[in-house]
Amino acid sequence: MAAFWCGSAMVTAGVGLHMPMFWMGRKTGFKLAGMPMDNGMLWGMALIILGVAAAAYGLLPRRQPETVSYGRIMPPEDAPLTRAHWLQIGVLAVALVVDVMKAATLGFVTPGMRVEYGLGSAAVAVLPLCALAGTTLGSFMWGALADVYGRRASILLAAVLFVGTSICGAMPSFSWNLFMCFMMGLAAGGMLPVANALLAEIMPTKHRGWCLVLLGGIGTIGGYFATSELSALLQPFFGWRVMWLIGCPTGLILIALSPLLPESARFLLEMGRVEEARATLARYGSTIKTDASVGAMDETTRSPAVRATFRPLRGLSIALTLAALAWGFVNFGVLLWLPASLIAEGRSVGLTSAVIARSALIAVPTVAVATYLYSLWSTKRVLILAIGITVLGLLATLLRHNSALPFLSNPLLSVSILIVGTSGVISILMPYAAESFPVRQRGRATGWVAGCSKIGGVIAQGLAAFALVPAFGLAAGAIAIPTIASLVLIATFGHETRNRDLRELEAEVTTP
């Protein structure tokens, strides 16, 4: 780990070398547009690149040969929640808050950036497009990396990149801002899926569901709250650039908490690192013990050489992919195009803002209800319910001008239904994916679902950048088709995960 800490220090020093450039702009309201990059910034960039490489080397997992049968050594699933579990939830919540802050910052920097660089609406739309493209690629990349590199190692390496990409706030040109924003999205893209994979493998069965859903809700709400508060506190004095620069201290907080973040015991067992897995489980008051049921369980999990084809998961994979794509279109397309559509209909800006604000208030209790139903009713059924509500919202939007249905003319109804549905879907989709796939595929599966949820946003933002936004009702109707398809496929191929041992779920979807 010495290389990791050394690399983290190098990245921090590299960011520090950019601060004189930022501070030079204090007499002009921290406007740096057109200023040349000095040697300190160039040396700082070199230090950041070398530091990331050193940190990555320090986090490389040590693979050891298996000395015992994998199927005979399993951590118990009935352990109670301990102080270590709550500590793990807290650290991962911090990670997700930092992650969400990256995306939330876009809305707070765009106005100042637009003024400083003299950008038009089309040019400004490229910024979120670059960020979403980076986040999409990052979701796929970090998800795959988590299955090879490790869950903990992936989160910590992303945190190092968080620190390094904070230099976006000192970039003097818009093109450099676009590049660094893409890299920032790349760093942030995998935090949510990898955190879900790690927590799913650590939490006891009876607490796994509600902890996963609650973690996502805390991360989202906390991230937007922290960003808005920091913006109100810092932007009046330091300009829009400081919102990127706060990525350095927030990333360092996550790195400082790294000793409290152990690796997944399941991943360690899969890598043959039995003693490390034993030490990790001891932190939670658990031990590795020989599983009594050697029969069928051993046939499916006893050796990495005897792995499943996972064919039964293909239908579920397609279903979750469609659900994620549809959510991305709704969240980054329909809901973002809504204000312009309502104003084009002749509604005032004030009324439009009030409609969206009142609808958004529903998101907080929706997450609480989704957490309750997911843990105490049914994971599969609550996901189907959330997708079904989203379909109703899309259909209500499509039929909003139908004279035969006058009650749909009030936009508050359709928007509220959409927000309830999409809030429920995104709070459930990632936990359900994390519980449904085997340990060898869990990181890639959650990363794939997270990436697909952002592909819809990339396409929607691309249409906006090229002024190709379709008619509002037509867009809602088109998105309803894959959403309905995902609902049918999940009803057909989905399986119940509530209160079920991950080993049991893995055995169900494997065919030796």
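*Asks:* What am I meant to see in the overall build of the protein chain here?
*Replies:* Within the protein chain one finds 22 helices and 2 strands. Counting all 512 residues of the protein chain, 55% fall into the buried class. Within the protein chain, counting contacts between residues at least 6 apart in sequence, those at least 24 apart form 85% of the total. Counting only carbon and sulfur atoms, one obtains 71% of the accessible surface of the protein chain, whose full area is about 20400 Å².

*Asks:* Honestly, the packing of aromatic side chains in this entry has me stumped. Any pointers?
*Replies:* Within the structure shown, the criterion is met by 9 aromatic pairs. Centroid distance Phe-30 to Phe-238: 5.8 Å. Interplanar angle 55°. Geometry classified as tilted. Of this pair, Phe-30 sits in the loop between helix 2 (19-24) and helix 3 (39-58) while Phe-238 sits in helix 9 (residues 205-238); the two residues are 208 residues apart in sequence, bridging distant segments of the chain. Relative accessible area serves as the criterion here: at 6%, Phe-30 is assigned to the buried category. Between the aromatic rings of Tyr-117 and Trp-240, the centroid separation amounts to 6.3 Å while the plane-to-plane angle is 65°, which identifies the pairing as edge-to-face. Placement of the pair is Tyr-117 in helix 4 (residues 83-117) and Trp-240 in the loop between helix 9 and helix 10 (242-245), with a sequence separation of 123 residues. Residue Tyr-117 shares its accessibility class with Trp-240, and that shared class is buried. Pairwise contacts between aromatic rings join Phe-22, Trp-23, Phe-30 and Phe-238 into one cluster.

*Asks:* How should helix 1 (residues 2-16) be read in this particular structure?
*Replies:* What sets the pattern is the α-helix's 3.6 residues per turn: residues three or four places apart point alike. End to end, helix 1 covers 21 Å across 15 residues, agreeing with the expected 21 Å (1.5 Å per residue, within 8%). Every buried residue of helix 1 is accounted for by Phe-4, Gly-7, Ser-8, Val-11, Gly-14 and Val-15. Projection of helix 1 onto a plane perpendicular to its axis shows the buried side chains occupying an angular sector of 120°, all on one side.

*Asks:* Is there a simple way to think about the side chain of Arg-241 in this case?
*Replies:* Considering the arrangement of structural elements, one finds Arg-241 in the loop between helix 9 and helix 10. The exposure class assigned to Arg-241 is buried, which follows from its relative accessible area of 0%.

*Asks:* What exactly am I supposed to notice about the confidence of the model for the protein chain here?
*Replies:* A low pLDDT score tells you not to read the predicted coordinates there in detail. Mean pLDDT over the protein chain: 78, with 79% of residues reaching 70 or higher. For the protein chain, helix 14 (residues 295-301) is the element with the lowest average pLDDT, namely 40, and helix 1 is the one with the highest, namely 93. Within the model, the stretch residues 291-311 combines pLDDT values under 50 with 38 contacts to residues more than four positions away or in other chains.

*Asks:* Got a minute to help me understand the environment of Gln-235 in this structure?
*Replies:* Relative to the helices and strands, Gln-235 resides in helix 9. The spatial distance from the C-alpha of Gln-235 to the C-alpha of Val-109 is 9.2 Å, given a sequence separation of 126 residues.

*Asks:* Please explain the pattern of salt bridges as it appears in this structure.
*Replies:* In a structure, side chains of opposite charge can pair up when their charged atoms sit close to one another. As enumerated under the stated definition, the model contains 6 salt bridges in all. The salt bridge involving Arg-442 is made with Glu-201; its shortest N-O contact spans 2.7 Å. Here Arg-442, found in helix 20 (residues 442-465), pairs with Glu-201, found in helix 8 (residues 191-202); they are 241 residues apart in sequence, far enough to count as distant. For the pair Arg-442 and Glu-201, a shared accessibility class is recorded, and that class is buried. The structure contains a network of salt bridges with shared partners spanning Asp-147, Arg-151, Glu-201, Arg-442 and Arg-444.

*Asks:* Is there a simple way to explain the packing of helix 1 against helix 11 (residues 247-256) in this structure?
*Replies:* In a packed pair of helices, the relevant descriptors are the angle between the two axes and the axis-to-axis distance. At their nearest, the axes of helix 1 and helix 11 sit 11 Å apart, and the two run at 170° to each other. Here helix 1 lies roughly antiparallel to helix 11, going by the angle between them. Residues Phe-4, Trp-5, Ser-8, Thr-12 and Val-15 of helix 1 form the contact with helix 11, whose own contacting residues are Cys-248, Leu-252 and Ile-255. Considered class by class, the residues forming the contact of helix 1 with helix 11 number 6 nonpolar, 2 polar and no charged.

*Asks:* How should the environment of Ala-123 be read in this particular structure?
*Replies:* Along the chain, Ala-123 falls in helix 5 (residues 121-148). Sequence-wise, Ala-123 and Phe-466 are 343 residues apart; in three dimensions their C-alpha atoms are separated by 9.7 Å.

*Asks:* Any chance you could explain the packing of helix 3 against helix 6 (residues 151-165) here in plain terms?
*Replies:* One way to put it is that helix 3 packs onto helix 6 with a least axis distance of 10 Å and a crossing angle of 170°. As judged from the angle between their axes, helix 3 and helix 6 are roughly antiparallel. Residues Ile-48, Val-52, Ala-55 and Ala-56 of helix 3 pack against Leu-157, Val-160, Leu-161 and Gly-164 of helix 6.

*Asks:* Looking at this structure, I do not really get helix 13 (residues 274-282). What am I missing?
*Replies:* Listed in full, the buried residues belonging to helix 13 are Val-274, Ala-277, Thr-280 and Leu-281. Along the long axis of helix 13, the arc covered by the buried residues comes to 120°, so they all point the same way. Tucked inside the fold, the buried residues of helix 13 contact helix 12 (265-270).

*Asks:* Please clarify how the nonpolar core should be interpreted in this entry.
*Replies:* Soluble globular proteins: nonpolar side chains tend toward being buried together. One finds Leu-92, Met-113, Met-191, Leu-199 and Trp-244 to be the most contacted residues of the largest nonpolar core, which totals 77 residues. A total of 14 residues in this core trace back to one element, the largest contributor, which is helix 4. Setting aside chain neighbours within four positions, we find Met-191 in contact with Ala-95, Leu-96, Asp-99, Ile-155, Ala-158, Phe-162 and Leu-254.

*Asks:* What is the right way to read the environment of Phe-162 from this model?
*Replies:* Residue position: Phe-162 is located in helix 6. Take Phe-162: its relative accessible area is 0%, and that puts it in the buried class. Taking C-alpha positions, Phe-162 is 9.7 Å from Leu-254, a pair spaced 92 residues apart along the chain. Phe-162 has contacts with Val-98, Asp-99, Lys-102, Ala-187, Ala-188, Met-191, Gly-247 and Gly-251, leaving out every residue within four places of it along the chain.

*Asks:* Teacher, can you tell me more about a nonpolar patch on the surface here?
*Replies:* A cluster of nonpolar side chains, namely Leu-395, Leu-398 and Leu-399, defines an oily patch on the protein surface of about 210 Å² accessible area. On the secondary structure map, Leu-395 appears in helix 18 (residues 379-398). Residue Leu-395 is classed as partly exposed on the basis of its relative accessible area, which comes to 33%.

Basis of the calculations
- Residues numbered from 1 in each chain as written.
- Predicted model: local features only at pLDDT ≥ 70, side-chain atom pairs only at ≥ 80, totals over all residues.
- Heavy atoms only, no water.
- Helix = DSSP H or I, 4+ residues; strand = E, 2+ residues; numbered from the N terminus.
- Buried < 20%, exposed > 50% of the residue type's maximum accessible area, 1.4 Å probe, protein only.
- Contact = heavy atoms within 4.5 Å.
- Areas by Shrake-Rupley, 256 points an atom, 1.4 Å probe, with all protein chains shown as cover.
- Phe/Tyr/Trp six-rings, centres within 6.5 Å; stacked < 30°, edge-to-face > 60°.
- Expected span 1.5 Å × (residues − 1).
- Arc of directions from axis to C-beta.
- pLDDT = per-residue confidence, 0-100.
- Salt bridge = Lys/Arg side-chain N within 4 Å of Asp/Glu carboxyl O.
- Axes fitted to C-alpha atoms, helices over the stretch in contact; angles between N-to-C directions.
- Parallel < 35°, antiparallel > 145°, perpendicular 65-115°, else oblique.
- Nonpolar A, V, L, I, M, F, W, Y, C, P; charged D, E, K, R; others polar.
- Core = buried A, V, L, I, M, F, W, Y, C linked by side-chain atoms within 4.5 Å.
- Patch = residues over 30% accessible without salt bridge, like charges linked within 9 Å, V, L, I, M, F, W, Y side chains within 5 Å.

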